[in-house]
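Descriptive structure summary
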Amino acid sequence: MKKYIKIIIFMLITFSPCLVNAQELQNTEKMEVIAETTKYYKTITTRDNLQLNSYSSLTVPNSQSYSVEVSEEEYNQANETKIETRNTGITETTYKKMTTAILQNSSYYRFRNILTWKTMPAIRSYDIIAIGMYSNVRIASTVSYSQYYCFSVGNCVTSMVHTPKIGNNGAGTVFKLMSGSLSTLKITMYFDVEKNTNATITELTAFGDYSHATTPISYENAQNYSVSVGGINLNSSISNYYDSIQFAEARAFINW
């Protein structure tokens, strides 16, 4: 009898986070989306031969990267990461999209940001996802996060391991981007907000942002950022480790 009780307890401990996350996801899907913006990005990263030879170093950035917004049509046509080999090094082209939304469930509002990788990046280190906001609201819940990924062989997993950071003008979280041969990779974060003023709020704005590490970076160094109106602000000591994309702004007109 005791053996069966231990098994039941083990299963509850093991699977309860997934059950809670599934319940939260279900609740979110029931909420009404009142504002939503999706942006599509192409990121080009260059690594020269000298930098490639020092790939394992976590002390010096070893890549140069820039991102541009592209059309949904170009994004949909991208099938795989493009690698070009040259005498001086390699150039990698990846695609991703970001959808920032404001949701409502009768008496409260939820800010959500989803980053989906269309083609997988070679570097999988510590990335940052965030949502910035104006100070007329404040965060009224924990920061929820999930990383859903499927291996090319078919099995899918959801990870909820992350390190959130909450500020007066938004929140972000640091997480390890999953490695391996993946066919699907989607990162989601959200939190609920409440009024931070006695005045009537007629407009809510959520600034979704994402910073991908194009050079391996340590977990400790990845914490050197803040979130404000406009999204992620990287400390100068780590800004060269990450790509930079234009934030996605969702704006809802309300009477709250």
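Overview of the structure.

Conventions we followed
- One numbering rule holds for all chains: residues counted from 1, following each sequence as written.
- With the structure being a predicted model, the display of local features is reserved for residues of pLDDT at least 70 and the display and counting of side-chain atom pairs for 80 or more, all residues being used for whole-chain, interface and lining totals.
- Values reported for side chains reflect all heavy atoms of the structure, with hydrogen atoms and water molecules removed beforehand.
- Put simply, DSSP H or I for four residues or longer makes a helix, DSSP E for two residues or longer makes a strand, and each gets a number counted from the N terminus.
- Only protein chains enter the accessibility calculation, which uses a 1.4 Å probe. A residue is then buried if its area is under 20% of the maximum for its type, exposed if over 50%, and partly exposed in between.
- The protein chains shown are the only cover counted for residues, whose accessible areas, like all others here, come from Shrake-Rupley with a 1.4 Å probe.
- Think of it this way: Lys and Arg go in the positive column, Asp and Glu in the negative one, and His and the chain ends go nowhere.
- Think of a salt bridge as a Lys or Arg side-chain nitrogen and an Asp or Glu carboxyl oxygen that are within 4 Å of each other.
- Counting of polar contacts relies on pairs of N or O atoms within 3.5 Å, with two restrictions inside protein: one atom must be capable of donating a hydrogen and the other of accepting it, and residues adjacent in sequence are counted only when both atoms are side-chain atoms.
- DSSP calls a pair of strands paired once it identifies at least 2 bridges connecting them.
- Orientation is described by axes fitted as lines to C-alpha atoms, over the contacting stretch for helices, and by angles from 0 to 180 degrees between their N-to-C directions.

We now examine the overall build of the chain. Broken down by element type, the chain carries three helices and 16 strands. The proportion of buried residues among the 256 residues of the chain is 43%. Of the roughly 13300 Å² that the chain leaves accessible, carbon and sulfur atoms contribute 51%.

Tracing the backbone through its elements, the reader meets Asp209 in strand β13 (residues 203–211). For Asp209, which is buried and forms no salt bridge, the nearest opposite charge comes from Lys96, at a distance of 9.3 Å. From its side chain, Asp209 meets the backbone nitrogen of Ile232 in a polar contact 2.9 Å long.

Further remarks concern the pairing of strand β4 (residues 89–105). Extensive coverage of β4 is indicated by the burial of 13 of its 17 residues. When β4 meets strand β5 (residues 108–117), the two strands line up antiparallel, connected through ten bridges. Among the inter-strand pairings, Lys96 is bridged to a residue of β5, identified as Trp117.

The next thing to look at is the sheet that holds strand β11 (residues 170–176). An order of β10-β11-β6-β13-β16 is seen for the five strands of this open sheet, with the pairing classed as antiparallel. Two strands in the sheet have a free side with no partner beyond their single neighbour: β10 (163–167) and β16 (248–253). When the angles between neighbouring strand axes are averaged without regard to direction, this sheet yields 15°. Bridge count between β13 and β16: six bridges; the pairing is antiparallel. For Phe207, the partnering residue across the bridge sits in β16 and is Glu249.

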